[in-house]
Amino acid sequence: MSLLKSEPAAPIRTLDELLATAFALEHEAAIYYADFAKRAEREGLPDLARLFESLAEEEREHERHVEEWSQRQLGRLPASSVTTAGLPQTFDIEGLSEVATSRVATAYTLLSIAVRNEDRAFSLWSYIAAQAEADDVREGAETMARQELQHAWQLRRERRQAYHAEGRRRLPVAGNAASLRQCGSAEAFLAMALEQAAERAAGNVATQLRHLAAESRSMAGQLHASGAAADMTSQDVVAVAEMLADRYLEIADNANDEGIVAEAQGLAQRAVLRLASLRDLRRAGA
């Protein structure tokens, strides 16, 4: 699945930390892609080597963007001392390593992994935004999350081109409009469950739960839900929220239609932020 299964070890507290972390992640990805390009070249796989190198160059461009952003905001380049050791792994090193030495791997295979990498990066920045205490950190993390969605969309376009060039069969139906609409009843259930939880809570916790319930109700309305899913009444709300975030990313990953991709990605961003908020409330004992 694309969604992160662990959260950052510690919140990012300043814009300085955020930009340094962003630069470190992009720099790390560029190094990995360039290394895999060399491996593929050594294995006699020039087409894959060129694709790996193009991905490396794309990450270098992202590095330059973060540097320019840091110059505008801080008047200097991002700090180079930050490591990504405390962050969840967003880069599929093992999968890409196998592609770089595989005689049966294709451009579609490589681009599929690259899309997942961008989806995981999107999830990471969404978590960071939800945990941020300072407005500039939250806004910066949300900007990074939107950029990762855009990167993923661009890679999906390339993957679809590779898909058709390789003469593959149609993509799974998990990415069609009906699959997206099926999430509506789960959203309606989640809205109802959060409203009930808010009635049992007090103070700021009740306010936050009502806000999340309204968000879920809005998403259910966007998906034209006619009612809540009756078979979900025993489900934990955090589990349902995680399932929905995963599902939206899965649909976006399998969709052929750019409109469905965009809608699923937008819902995924909202779902990931909601999930982070629910987990924060649970950690706080709410």
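1. As for the overall build of the protein chain
Turning to step 1, where the next piece is worked out: The helix and strand tally for the protein chain stands at ten helices and zero strands.
Turning to step 2, where the next piece is worked out: Ordered by position from N to C terminus, the α and β elements of the protein chain give α-α-α-α-α-α-α-α-α-α.
Turning to step 3, where the next piece is worked out: Relative to a compact globule of 286 residues, whose C-alpha radius of gyration would be 19 Å, the protein chain shows 20 Å and is just as compact.
Turning to step 4, where the next piece is worked out: Projecting the C-alpha coordinates of the protein chain onto the three principal axes gives extents of approximately 65 × 50 × 25 Å.

2. Observations concerning the confidence of the model for the protein chain
Turning to step 1, where the next piece is worked out: Per-residue confidence for the protein chain gives a mean pLDDT of 86, with 92% of residues at or over 70.
Turning to step 2, where the next piece is worked out: Of all helices and strands in the protein chain, the one with the weakest mean pLDDT is helix H9 (residues 237-254) (84), whereas helix H2 (residues 46-74) scores best (95).
Turning to step 3, where the next piece is worked out: Segment residues 169-173 is flagged for pLDDT under 50; beyond a separation of four residues in sequence, or across chains, it makes nine contacts in the model.

3. Digging into the packing of helix H1 (residues 15-42) against helix H3 (residues 93-100)
Turning to step 1, where the next piece is worked out: It is the contact of H1 with H3, at a shortest axis distance of 8 Å, that shows an interaxial angle of 25°. Here H1 is positioned roughly parallel relative to H3, judged by the angle of their axes. Along this stretch, H1 crosses H3, giving a crossing that reads as right-handed. Across the interface between the two elements, Tyr32, Tyr33, Phe36, Arg39 and Ala40 of H1 pack against Ile93, Leu96, Ser97 and Ala100 of H3.
Turning to step 2, where the next piece is worked out: Taken together, the residues of the contact of H1 with H3 sort by class into seven nonpolar, one polar and one charged.

4. Quick look at the nonpolar core
Turning to step 1, where the next piece is worked out: Of all hydrophobic cores here, the largest spans 57 residues; its most connected members are Leu18, Trp125, Leu180 and Tyr248.
Turning to step 2, where the next piece is worked out: Elements with a minimum of two residues in this core: H1, H2, helix H4 (107-131), helix H5 (135-165), helix H7 (183-200), helix H8 (203-222), H9 and helix H10 (258-283).
Turning to step 3, where the next piece is worked out: Counting residues per element, this core draws most heavily on H10, at eleven residues.
Turning to step 4, where the next piece is worked out: If we skip the residues at most four places from it in the chain, Trp125 touches Leu18, Thr21, Ala22, Leu25, Ala141, Met144, Ala145 and Glu148.
Turning to step 5, where the next piece is worked out: Of all hydrophobic cores here, the second largest spans 27 residues; its members include Ala29, Phe52, Tyr108 and Ile113.

5. Here we look at the side chain of Gln131
Turning to step 1, where the next piece is worked out: Inspection of the secondary structure assignment puts Gln131 in helix H4.
Turning to step 2, where the next piece is worked out: Exposure remark for Gln131: the relative accessible area of 16% places this residue in the buried category.
Turning to step 3, where the next piece is worked out: Those residues in contact with Gln131 that lie beyond four places of it in its chain are Glu7, Pro8, Pro11, Asp280 and Arg283.

6. Points about the environment of Gly227
Turning to step 1, where the next piece is worked out: Within the secondary structure layout, Gly227 lies in the loop between H8 and H9.
Turning to step 2, where the next piece is worked out: Relative accessible area serves as the criterion here: at 31%, Gly227 is assigned to the partly exposed category.
Turning to step 3, where the next piece is worked out: The spacing of Gly227 and Phe189 is 38 residues in sequence and 7.7 Å in space, taken between C-alpha atoms.

7. Focus on unusual backbone geometry
Turning to step 1, where the next piece is worked out: Positive phi outside glycine occurs at His224, with the angle close to 60°.
Turning to step 2, where the next piece is worked out: With respect to the helices and strands, the residue His224 is situated in the loop between H8 and H9.

8. Here's the deal with the environment of Val261
Turning to step 1, where the next piece is worked out: Here Val261 lies in helix H10.
Turning to step 2, where the next piece is worked out: Taking the C-alpha atoms as reference points, Val261 and Ala177, separated by 84 residues in sequence, lie 9.7 Å from one another.
Turning to step 3, where the next piece is worked out: Once you skip the residues sitting within four places of it in the chain, Val261 turns out to touch Trp153, Arg156, Arg160, Ala252 and Ala255.

9. Description of the environment of Ala225
Turning to step 1, where the next piece is worked out: Residue placement: Ala225 occurs in the loop between H8 and H9.
Turning to step 2, where the next piece is worked out: Remark: the alpha-carbon pair of Ala225 and Glu57, spanning 168 residues in sequence, is separated by 43 Å.
Turning to step 3, where the next piece is worked out: Setting aside its immediate chain neighbours within four residues, Ala225 contacts Gly184, Ser185, Ala188 and Ala220.

10. Let's talk about the pattern of salt bridges
Pairs may arise between side chains of opposite charge once their charged atoms sit close together.
Turning to step 1, where the next piece is worked out: Per the counting criterion, the structure on display carries 20 salt bridges.
Turning to step 2, where the next piece is worked out: Where Glu242 meets Arg279, a salt bridge forms, and the shortest distance between an N and an O atom there is 3.0 Å. Taken as a pair, Glu242 in helix H9 and Arg279 in helix H10 lie far apart in primary sequence, 37 residues in all. Arg279 shares its class with Glu242; the two are buried.
Turning to step 3, where the next piece is worked out: Counted as one network, the salt bridges with shared partners bring together Glu53, Glu57, Arg60, Glu61 and Arg64.

Analysis parameters
- Residues numbered from 1 in each chain as written.
- Predicted model: local features only at pLDDT ≥ 70, side-chain atom pairs only at ≥ 80, totals over all residues.
- Heavy atoms only, no water.
- Helix = DSSP H or I, 4+ residues; strand = E, 2+ residues; numbered from the N terminus.
- Rg over C-alpha atoms; globule rule 2.2 N^0.38 Å.
- pLDDT = per-residue confidence, 0-100.
- Contact = heavy atoms within 4.5 Å.
- Axes fitted to C-alpha atoms, helices over the stretch in contact; angles between N-to-C directions.
- Parallel < 35°, antiparallel > 145°, perpendicular 65-115°, else oblique.
- Left-handed = near helix turned anticlockwise from the far one by under 90°.
- Nonpolar A, V, L, I, M, F, W, Y, C, P; charged D, E, K, R; others polar.
- Core = buried A, V, L, I, M, F, W, Y, C linked by side-chain atoms within 4.5 Å.
- Buried < 20%, exposed > 50% of the residue type's maximum accessible area, 1.4 Å probe, protein only.
- Salt bridge = Lys/Arg side-chain N within 4 Å of Asp/Glu carboxyl O.

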